[in-house]
Amino acid sequence: MDGENARDAWRRRAAAAYFGARVRGPGGAGVRGTEAVLVRHYAELTRTAYLILPPSDGRHGRVLAAHGIVQDALPGRGAEPLDEDGLRARVVRGALRYAGRRRRRLLPRVWGLRFFTVTADPDALAVEREVAALTPLGRAAYALLFPAGLTADHVASVLADAGAADPEGAVAEAVRAGASAPGSRRPVRELVDAGPLDPCTVRVSASDLLRRRRRRHTAAGAAVTALAVTLSLVVLADGDPRPARAPVGAPMAPVAASVPPVRVAPDAWASTTRLDFAVWSTRGPLAGDAALADRAVRAWQTPDPGLTPHTEVRTTPGPPVGTPRILFAGDVGGERVVLLADPTRLARYTEAGQVRTLAVGAADDSDARSASAVVLTRGADGVRLLLAPWVTGAQVRDLRSPGVSPRPLTVDQDGVTGPALLDVADCARVGVLELRATRAADGNPYLVADLGGLAATHLTYMPPPEFTHTGRPSEAASSERALNAWSLTACMLADLRGHGLRLVNNWEFAHFALPEAPNGEATWSCLHGFDRVGGGTVNVVFTPPGADAAATRTVGAVRDAPLCSRSGNDVVGFTWWQSGTGAWFLVAAGSRDIVGVSATGPVTGTAEGRQLVVPVPAAAPQGPLPQVVGRTKTGTDVPAPTKPE
């Protein structure tokens, strides 16, 4: 796992500790959804606030004020939930208001310490100077446009929601700065994350050593207390470029191995509106075995040479944070298994004879469906899983055969399933779990798949605009149309194994008839796999007319992009296609708001509407790819992604 992902994970975990404390108690449930969004985007939001604040305040003052502004963006109890754009607007509004005050106070307040953002990179310093020359509103647009990666229209919308008088002018100012920045040859996101514009990565020094010596008891205590409850910082030791193991003074510290794990009450999930791994009950016949639990905690706390550890992608390595919870302990398929959890991760400790293993995977950003099942063992006879305590029924379905009824799956009183064939690598049969829960998916069946991680991955479906659906952002993928759509794209799941995904959404964004194709319409889909840190995988998929999953292919792919999500719902796909008569065509299709598609390069063509079909010579598919671009109703260009070689 690289340093950037580790930094982001620690930021989110420390932010979760602070904001979780703010919304506990009566009346706090209304802001829990906003809290989760804020924690997930904490690094981006603090960076936005930091960029808006005037450079004259100094790095120390801007670091503290940025964190305070973001913390104050969490609305009070009883407020309507906010999405990420709502929070961005609140942060921008708060930072602009703060910057406009003649006398400014620092929130949070820290005594005895000074914070400085990292300044070693000359390219990053050049970007800092360029940003400092902008107006406050221009700096806000710059933060949203480049580090956050929003489109110009999206930035203007957020600024308008924040009350900006001239959002388009601010965007234009930021675009000019980004084009002329001396460091623009390198990605701005990389420079900001590692440089002087990131208030979540700082160096610490003493403010006044003589005064601190006189007041060492009170000043040190105040500094530690302030950090413990208000700051979400990853502190770098002088000269050490590696991210620290945990934020300084974070309220969640690594637990001593001798501390027994916390047991969760059987009805914890039934007495809260929150349904995720945090409220899983402690289950299993060996949950009371103190010696086994101690071995599991020690394996996570201080792995010894005889242990085989494994940390999933985009999962923070290291010991448990806080006192871990024990979710399960028992004998499963001939192995002794203990399942533990801390605030953001799951850990599975296994003893199989003399072989001991520990697998750690991210578990944050979950809901009732993506926290429905955890893999306990994998064997030749299948996968055994532990189901969430709110799951009331489980079956095994073959995604390739939507018309075939699912097969029942045995589940014991502790929620452990019998062996289930959930292999997605064989395109002939793609097995997934079909679950039911009264408090998930409105009681409708929903699907989860084993994509190689500890937690099973939730599968959802979004129909094309001309078909009716429930109105939710993504449907449980168990309706007739959803199952038919997934039957065409089921084989694509094999490419998503091992990516640490919590959810994969199948969006059928277009379907059109093609020339000389009497066997129905071509289908264009977008498979967006969401991981737990805001990134993931996006595959644009094409199914020829009358074909099945074996002929479906990926025609475009990107990583860590908002494409095919609520933050980027305009998409265009293209591919070469050969008709039944042997003629070749360049075919392209766009989503709902695409009003024109054009191709340039070795093949040229333009079409009004959402579809482009251009006859091409037989040699064209062996040559270089054309550049295909869609045009939206607002005039924005949407380049079609290509498939990486």
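Here the structure is shown first, and the text comes after it.
Being a predicted model, the structure only gives us computed values, none of them experimental.

Enquirer: Account for the packing of helix α3 (residues 42-52) against helix α4 (residues 58-72), with residues named and values stated.
Expert: Working note: a packed helix pair is described by the angle between its axes plus the distance between those axes. Contact geometry of α3 with α4 gives a least axis separation of 8 Å together with a crossing angle of 125 degrees. As summarised for this structure, α3 and α4 are arranged oblique, according to the angle between their axes. Two packed elements cross with a definite hand, and for α3 against α4 that hand is right-handed. For the pair formed by α3 and α4, the contact residues are Tyr42, Leu45, Thr46, Ala49 and Tyr50 on the first element and Arg59, Arg62, Val63, Ala66, His67, Ile69, Val70 and Gln71 on the second. Its residues assigned to classes, the contact of α3 with α4 shows 8 nonpolar, 3 polar and 2 charged.

Enquirer: I'd like a description of the sheet that holds strand β24 (residues 594-600), backed by residues and values.
Expert: Ordered by their spatial adjacency, 4 strands build an open sheet running β25-β24-β27-β28, and the pairing between neighbours is antiparallel. Since the sheet does not close on itself, it has two edges, and those belong to β25 (605-608) and β28 (637-639), each with one partner. Between one strand axis and the next, the sheet turns by 20 degrees as a mean value, whatever way the strands run. Pairing analysis gives 4 bridges linking β24 to β25, with the strands arranged antiparallel. Paired with valine 597 across the strands is alanine 607, a residue of β25.

Enquirer: Which residues make up α3, and what are the values?
Expert: By the criterion of burial, α3 is predominantly enclosed, with 11 of the 11 residues buried. Those residues of α3 not exposed but buried are Tyr42, Ala43, Glu44, Leu45, Thr46, Arg47, Thr48, Ala49, Tyr50, Leu51 and Ile52.

Enquirer: I'd like a rundown of the sheet that holds strand β8 (residues 345-352), residues and numbers included.
Expert: Reading across the sheet, the 6 strands line up as β4-β6-β7-β8-β9-β5 and stay open at both edges, with mixed pairing between neighbours. Of all the strands in the sheet, just β4 (262-263) and β5 (307-311) have a single pairing partner and so form its edges. Taken together, the 2 bridges between β4 and strand β6 (residues 325-332) define a ladder with parallel strand orientation. Counterpart to arginine 263 in the pairing with β6 is isoleucine 326. Sheet contacts for helix α13 (residues 290-301): β5, β6, β7 (335-341), β8 and β9 (355-362); angle to β8, the most-contacted strand, approximately 120 degrees.

Enquirer: Lay out the environment of threonine 315 with the relevant residues and their values.
Expert: With respect to the helices and strands, threonine 315 occurs in the loop between β5 and β6. Measuring from C-alpha to C-alpha, the distance between threonine 315 and valine 533 comes to 9.0 Å, with 218 residues separating the pair along the chain. Of note is the side chain of threonine 315, whose polar atom sits 3.1 Å from the backbone nitrogen of alanine 362.

Enquirer: Which residues make up the packing of aromatic side chains, and what values do they have?
Expert: Under the counting rule described, the total for this entry stands at 5 aromatic pairs. Relative to phenylalanine 146, the ring of tyrosine 142 has its centre 4.8 Å away and its plane inclined at 55 degrees; by these criteria the two rings are tilted. With 4.7 Å between their ring centres and 50 degrees between their planes, tryptophan 524 and phenylalanine 542 make a pair best called tilted. With tryptophan 524 in strand β19 (residues 521-531) and phenylalanine 542 in strand β20 (residues 536-543), this residue pair connects regions lying 18 residues apart in the sequence. The positively charged end of arginine 62 is found above the aromatic ring belonging to tyrosine 50, 4.2 Å away from the centroid.

Enquirer: Explain the state of the cysteines to me, and be specific about the residues and the numbers.
Expert: A complete count under the given rule lists 2 disulfides for this structure. Disulfide pairing is shown between cysteine 427 and cysteine 491; the S-S distance is 1.7 Å. Because the sign of the S-S torsion sets the handedness, a value of about 70 degrees for the bond joining cysteine 427 and cysteine 491 places this disulfide among the right-handed ones. Of this pair, cysteine 427 sits in the loop between β13 (407-408) and β14 (431-436) while cysteine 491 is found in the loop between α14 (480-489) and β18 (501-513), placing the two residues 64 residues apart along the sequence. On the basis of relative accessibility, which here comes to 24%, the residue cysteine 427 falls in the partly exposed class. We classify cysteine 491 as buried; its relative accessible area is 12%. Disulfide pairing is shown between cysteine 526 and cysteine 564; the S-S distance is 1.9 Å. Residues cysteine 526 and cysteine 564 are joined by a disulfide whose S-S torsion is about 95 degrees; by sign, that bridge is right-handed. With cysteine 526 in strand β19 and cysteine 564 in the loop between β21 (553-559) and β22 (572-578), this residue pair connects regions lying 38 residues apart in the sequence. Taken as a pair, cysteine 526 and cysteine 564 share a single burial class, namely buried.

Enquirer: Give a detailed account of the pattern of salt bridges, specifying residues and quantitative values.
Expert: Evaluated as defined, the whole model comprises 18 salt bridges. Note that arginine 298 is salt-bridged to aspartate 294, the shortest N-O span being 2.7 Å. With arginine 298 and aspartate 294 both in helix α13 and 4 residues apart, this pair spans about one turn of that helix. Owing to a relative accessible area of 41%, arginine 298 belongs among the partly exposed residues under this scheme. Among the residues examined, aspartate 294 registers a relative accessible area of 25% and is labelled partly exposed.

Enquirer: Provide a residue-level description of the nonpolar core, including the pertinent values.
Expert: Nonpolar side chains tend to gather and get buried jointly when the protein is soluble and globular. Core analysis: the biggest nonpolar cluster contains 48 residues, and Leu38, Val155 and Leu159 have the highest contact counts within it. Elements supplying a minimum of two residues to this core: α2 (32-40), α3, α4, α5 (84-99), α6 (122-132), α7 (136-145), α8 (152-161) and α9 (167-180). In terms of residue count, α7 provides more of this core than any other element does, 7 residues in total. Listed in part, the 44 residues of the second largest apolar core include Val332, Ala359, Trp390 and Ala455.

What counts, and where the lines are drawn
Residues numbered from 1 in each chain as written. Predicted model: local features only at pLDDT ≥ 70, side-chain atom pairs only at ≥ 80, totals over all residues. Heavy atoms only, no water. Axes fitted to C-alpha atoms, helices over the stretch in contact; angles between N-to-C directions. Helix = DSSP H or I, 4+ residues; strand = E, 2+ residues; numbered from the N terminus. Parallel < 35°, antiparallel > 145°, perpendicular 65-115°, else oblique. Left-handed = near helix turned anticlockwise from the far one by under 90°. Contact = heavy atoms within 4.5 Å. Nonpolar A, V, L, I, M, F, W, Y, C, P; charged D, E, K, R; others polar. Pairing = 2+ DSSP bridges. Buried < 20%, exposed > 50% of the residue type's maximum accessible area, 1.4 Å probe, protein only. Polar contact = N/O pair within 3.5 Å; in protein donor to acceptor, adjacent residues only side chain to side chain. Phe/Tyr/Trp six-rings, centres within 6.5 Å; stacked < 30°, edge-to-face > 60°. Lys NZ or Arg CZ within 6 Å of the ring centre and 35° of its normal. Disulfide = S-S within 2.5 Å. Salt bridge = Lys/Arg side-chain N within 4 Å of Asp/Glu carboxyl O. Core = buried A, V, L, I, M, F, W, Y, C linked by side-chain atoms within 4.5 Å.

Note that every value here comes from positions in space, so none of it alone points to a role or purpose.
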